[in-house]
Amino acid sequence: MPESVLLDAIRAVVGDRGLLTDRADTAAYTQDWRRLYQGRTSAVIRPGSTAELAEVVRLCAAAGTPIVPQGGNTSMVGGAVPNEDGSELIVCTARLNRIRDLDPVDMTLTLESGVTLQAAQLAAAEQDCLLPLSISSEGTAQIGGVLATNAGGNNTVRYGNARDLVLGLEVVLPDGSIWNGLRRLRKDNTGYCLRQLFVGSEGTLGIITAAVLKLVPQPKETAVALCGVASPEAALDLFTRFQAHDPASVNAFELMSDTGMSFVLRHIPGAMLPLQNPAPFYVLVELATPRPSAGLRDGLEQVLEQALEAGTVQDAVIAESETQRAAIWKLREEHSEAQKREGASIKNDVSVPVSKVPAFIRKATAACEKLLPGVRAVPFGHMGDGNIHFNLEQPAGSDAAWFLASDHAIMDAVNDVVREFDGSFSAEHGIGRLKPYMMPDWRGGAELALMQRIKAAIDPGGIMNPGKVLP
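Note that the coordinates shown come from a computational prediction; the quantities given were computed from them, not determined experimentally.

Thresholds, definitions, all that
- Counting from 1, residues in each chain are numbered in the order their sequence is written.
- Given that the model is predicted, a residue must reach a pLDDT of at least 70 before its local features are reported, and side-chain atom pairs must reach 80 or more before they are shown or counted; all residues, however, enter totals for whole chains, interfaces and linings.
- By convention in this description, side-chain values take in all heavy atoms of the structure and omit both hydrogens and water.
- Helix and strand labels come from DSSP, where a helix needs a run of H or I of at least four residues and a strand needs a run of E of at least two; each type is numbered from the N terminus.
- Two strands form a pair only when DSSP identifies at least two bridges running between them.
- Contacts were defined at the residue level, with two residues in contact if any of their heavy atoms lie within 4.5 Å.
- Between N-to-C directions, angles span 0 to 180 degrees; the directions come from axes that are lines fitted to C-alpha atoms, helices contributing only their stretch in contact.
- What a helix should span is 1.5 Å times the count of its residues minus one.
- Think of it in three bands: with a 1.4 Å probe and only protein chains considered, a residue is buried below 20% of the maximum accessible area for its type, exposed above 50%, and partly exposed in between.
- Of all possible arcs, the one meant is that of the directions from the helix axis to the C-beta atoms.

A.B. asks: Could you give an account of unusual backbone geometry, naming the residues involved and the relevant values?
C.D. replies: Glycine aside, residues mostly have negative phi, and peptide bonds are mostly found in the trans state. Positive phi values are uncommon outside glycine, yet Glu-202 reaches one of about 55 degrees. Checked against the element boundaries, Glu-202 lands in the loop between helix H7 (195–198) and strand E10 (207–214). Its identity is not glycine, yet Ser-293 carries a phi of approximately 55 degrees, on the positive side. Inspection of the secondary structure assignment puts Ser-293 in the loop between strand E14 (281–289) and helix H10 (296–310).

Here it is as structure tokens:
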């Protein structure tokens, strides 16, 4: 089918509002957030309903035209951008943005894939519930993409990844049929758990159009502290102290280095360090509980006092208001943006067992400094679940293009250390376009062959997000 005929047929389904073909309108959809990839497309399709999306996919399947599903386009690995030859059409889910149901008794939220994570959080909060998934891009990231990439985020230590919050899904399959699995049951043991095939599949098996998510009670008490520590080993010791005191209250436990913090203080307006003196590393700990008058602040002070006496913590400050809490979290959440403003960076989203995080940071830092003298290691992230964003910033005064040309060598050096500690080269950002070449080495043999058979069975035409995840 000629492309012009296909686009005319698609326009008849979605209307003028649902089809963008002018280069000026489509340009923003063809580049990823990190500006690693600049693709091309003839059209961005914006269906207004699941039925419209299904018909669009059916038309593309009949024409053999590949599709790139896209939500908020916040992928860190190029998972939502088309290739450079212009052969792929983008299907954007932004107009599928309705909250279908919120049940505060069942503690479930049923919503469409184009709802931003932040809007979903606010909808839950209006019913005194909490959607316990939090990521830095939540104001832009959409539910469909969050689930398709199995996002992790700040609260994984307590609530798990995105897949742990999914009860049901609605998905448009590669032939244009609709699988309605929007069940909100806590127990439903009837054959294969199909929803988990699509969570984390990065749009390579189908397009998520709606989901049923678990909610939890809204916290009645929250306490946040920023601590200066001498080393990752001290940070790990502090984490074990909080776990021993009250593991159910630990909402987040984030690690940052002085290098990363200096970038935030330099480049992010309004960012201020609330401690008297800088430290080699920092820990942000957040405790929360749905129990009123639970004495959370007293417990936080008790653990910190003991840690100060033991020399585990050098200095600490506790937020006294919501404004102060937000200011402390800003220091963590703006790390990626600050690194972007500092210069070129090579990102490694890796995980190792929590107990191995300090050794990993030390060994990976040494390996990268040996490979590229002057490189600046910026380890930060979710120490409480073992997920460290081990990023490398270009040497001061160096050429950005020269530095980025070393990306594979640096990623391989980091991943050699990750492998030594039985970790993963992709913790929460996924594979996208950036990392498929790593899959045979890390997931080869029976595991990769099984993934390829699943892909071939569900998407025999190979039209769903080609070039992503699988090599």
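Past the structure itself, the notes keep going.
A.B. asks: I'd love a proper account of the sheet that holds strand E3 (residues 67–70), names of residues and values included.
C.D. replies: Read across the sheet, 4 strands follow the order E1-E2-E4-E3 without closing on themselves; strand pairing throughout is mixed. Every interior strand has two partners, whereas the edge strands, strand E1 (19–20) and E3, have only one. As paired elements, E1 and strand E2 (residues 44–45) share 2 bridges and run antiparallel to each other. Bridge pairing in E2 places Leu-19 opposite Ile-45. Relative to strand E4 (residues 89–92), helix H3 (residues 50–63) is tilted by about 165 degrees, and along the sheet it contacts E2, E3 and E4.

A.B. asks: Help me get a handle on helix H11 (residues 322–333), residues and values and all.
C.D. replies: Here H11 spans 16 Å end to end across 12 residues, near enough to the 16 Å set by a 1.5 Å rise per residue. Residues of H11 that are buried: Ile-328, Trp-329, Leu-331 and Arg-332. Buried residues of H11, seen end-on, are gathered within an arc of 145 degrees and therefore sit on one face of the element. Opposite its buried face, H11 presents the exposed residues Glu-322 and Thr-323, each directed more than 90 degrees away.

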